[in-house]
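Chains, contacts and geometry: an overview
Here are the chains, one letter per residue:
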Amino acid sequence: MRAIWHSRSFAVAAVVVVLVVVWYIGGLLLNLQPQLDTYHRNGTMVPALPQLAADLWSQAKPILPAPHQVLAEVWNTTVRQDLSSKRSLLLQAGVTLASTALGFFIGTLLGLLLAIFIVHNEAANRSLMPWIIASQTIPILAIAPMLVVGFSAAGLSGVLPKALISTYLCFFPVVVGMVKGFRSPDQMQLDLMRTYNASRWTVFWKLRWPASAPFLFTSMKVGVAIALIGALVAELTYTQNGGLGVRLLTSSYNGQTVTIWAVLIIAAAVAAALVVAVGLVERITLRAMGAQPA
Amino acid sequence: MTVVSAKTLGLTFHTNDGDVVALSDVSLDIEKGEFVSFIGPSGCGKTTFLRTIADLEQPTSGTLTINGMTPSEARQKRAYGYVFQAPALFPWRTIEKNVALPLEIMGYPDADKRARIARTMELVNLTGFERKYPWQLSGGMQQRASIARALSFDADLLLMDEPFGALDEIVRDHLNSELLKLWARTQKTIAFVTHSIPEAVYLSTKIIVMSPRPGRVTDIITSTLPSERPLDIRESPEFLEIARRVREGLRAGHSYEETA
């Protein structure tokens, strides 16, 4: 029998406990000075440690909110909030998710098409790749507002301008991964297809495409997570329809640190759920393709 | 009838280290129904010659015809089946789907496809393993599946490049006798590359001895062994005599000398 401390859930739980402890301690240290200022202003004595800790962990606008404050905020803005209310982070997460999903879909498609083009055309191979890499060296925070404004000016509206920022980010891992994936068949397999006088199209569908499946899912896992980042960043500029990014922006204007953290937690949970979902599709697909169980 | 005919065939690879003469002045014929082995140390051009027949390499001088056609025409007419050093099965396809691969590409109708799969799977003794994936089979079985794949579209010429080189000797002995039976049943013409003298002598009706630097033919030996060959024929004086001649051919080509 396996000892409990060798199990994966135990390892995860241990890390979580350590993080929470560090977080609480961080709350004590970071929030101390403003709390002392408050006591001073009110002319009250600095209380003993239990009361001081309780005060430090329950400020309205702390520098670092305590975990229970963040969890309470998450609870209040999701479960206890009506879905139709603008204050519902579930509603806002839904807005962000919609643009993430659309951007991810377009980005994956674009990445696939570019990879197919690059693998089959030597000129494209030499000329496109540097530009694709250059596109990712530009800070997204700098270019996203300009692109979003540009897209809007070009008549795009609704979810599309935001989705295209997600596309801008997530096509990249798909191109890089799939160029490698389409080139993963070895020389012997390619020679085999040549002995059958197979066309390039046949070689693609019967060999390159199935051979690249593991690469596709790895790329998509990276892609879906950064697609969400793209949507959040786009929402900092394109605020009309709301979304988690807009909540992030308004909370930071108002110094609502607890809400900022709640939004971050929810964004992280959405990203994790997306990656897990891609992983699930991966497992089902690769099993159907006869992959050897690990 | 001559299936493969090479006349003063040469092939030089241009590499960064200078030219490498892989084949020099190779002239030989392979007749219909023959089992011809190519033997020699690595670098003697035996695999290169096989790949040239298959139009996977282009000769730089001389002429080569397959059934009277150029190698390129012969490849486009799917005149041969090729068995590589490794099985090269597609891991995402079951064994029967792997065998079906050339049939799919060549557009055989479904009923015909099923019949051909069943027949070739039976030929290589893999009936019952149709739905297995390659990783579920041993190395020997995988290589048998790749032979089935090469046989499925019924090309008259079978090109085999050290197909059993990666297998242990016991499996190899077994597959050698299986291959002889298969050859007798199908009446194919087989060109077989090997670096094992017993394997070449046991299988062949004709043995081409080759030597390196430059790759060339040093001897062509016609086997005197009967067509019926039990495994213990390898202890007969006749067998040992042919093996001795092969070794002599290799020695004449300086194949046993150490090179830097």
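Note: the structure precedes this text.
The model shown is predicted, which means the values in this text are computed figures rather than measured ones.

A few words now on the overall build of chain A. In terms of helices and strands, chain A carries 12 helices and 0 strands. The helix and strand sequence of chain A, counted from the amino end, reads α-α-α-α-α-α-α-α-α-α-α-α. Relative to the 2.2 N^0.38 estimate, which gives 19 Å for 294 residues, the radius of gyration of chain A is 25 Å and therefore markedly larger than a compact globule would have. The C-alpha extent of chain A, read off along each of the three principal axes, is 90 × 65 × 35 Å. In chain A, the proportion of contacts linking residues at least 24 apart, taken out of those at least 6 apart, comes to 72%. Summed over its atoms, the accessible surface of chain A is roughly 15900 Å², and 72% of this surface lies on carbon and sulfur atoms. Put simply, chain A has 19 plus and 9 minus side-chain charges, and the middle of one group is 6 Å from the middle of the other.

Moving on, we come to unusual backbone geometry. All names here are of chain B. The linkage connecting R213 with the following residue, P214, adopts the cis geometry, with an omega of -10°. One can find P214 in the loop between β8 (206-211) and β9 (216-222). Unusually for a residue other than glycine, R78 sits at a positive phi of about 50°. Among the structural elements, R78 can be located in the loop between α2 (71-76) and β5 (80-83). Take R78: its relative accessible area is 24%, and that puts it in the partly exposed class. Not every positive phi belongs to a glycine, and N125 is a case in point at roughly 60°. Among the structural elements, N125 can be located in the loop between α4 (110-123) and α5 (139-151). With relative accessibility at 43%, the residue N125 sits in the partly exposed group.

Rules behind the numbers
Residue positions are given per chain, counted from 1 along the sequence in the order it is written. Written order determines the labels here, with chains lettered from A and ligands numbered from 1. For a predicted model such as this one, the threshold for reporting local features is a pLDDT of at least 70, and the threshold for listing and counting side-chain atom pairs is 80 or more; totals across whole chains, interfaces and linings nevertheless cover every residue. Hydrogens are left out, water is left out, and the side-chain values use all remaining heavy atoms of the structure. Runs of H or I in DSSP of at least four residues are treated as helices and runs of E of at least two as strands, each being numbered from the N terminus. Atoms counted for the radius of gyration: C-alpha only. Globule rule: 2.2 Å times residue count to the power 0.38. Throughout, a residue-residue contact means that at least one pair of heavy atoms, one from each residue, lies within 4.5 Å. Accessible surface is estimated by sampling points in the Shrake-Rupley manner with a 1.4 Å probe; for residues, cover comes only from the protein chains shown. Lys and Arg are tallied as positive, Asp and Glu as negative. Neither His nor the chain termini are counted. To locate a charge, the coordinates of NZ of Lys, CZ of Arg, CG of Asp or CD of Glu are taken. Note on exposure labels: buried denotes an accessible area under 20% of the residue type's maximum, exposed denotes more than 50%, and partly exposed covers the range between, all computed with a 1.4 Å probe on protein chains only.

Keep in mind that these numbers describe shape and distance, not what the molecule does.
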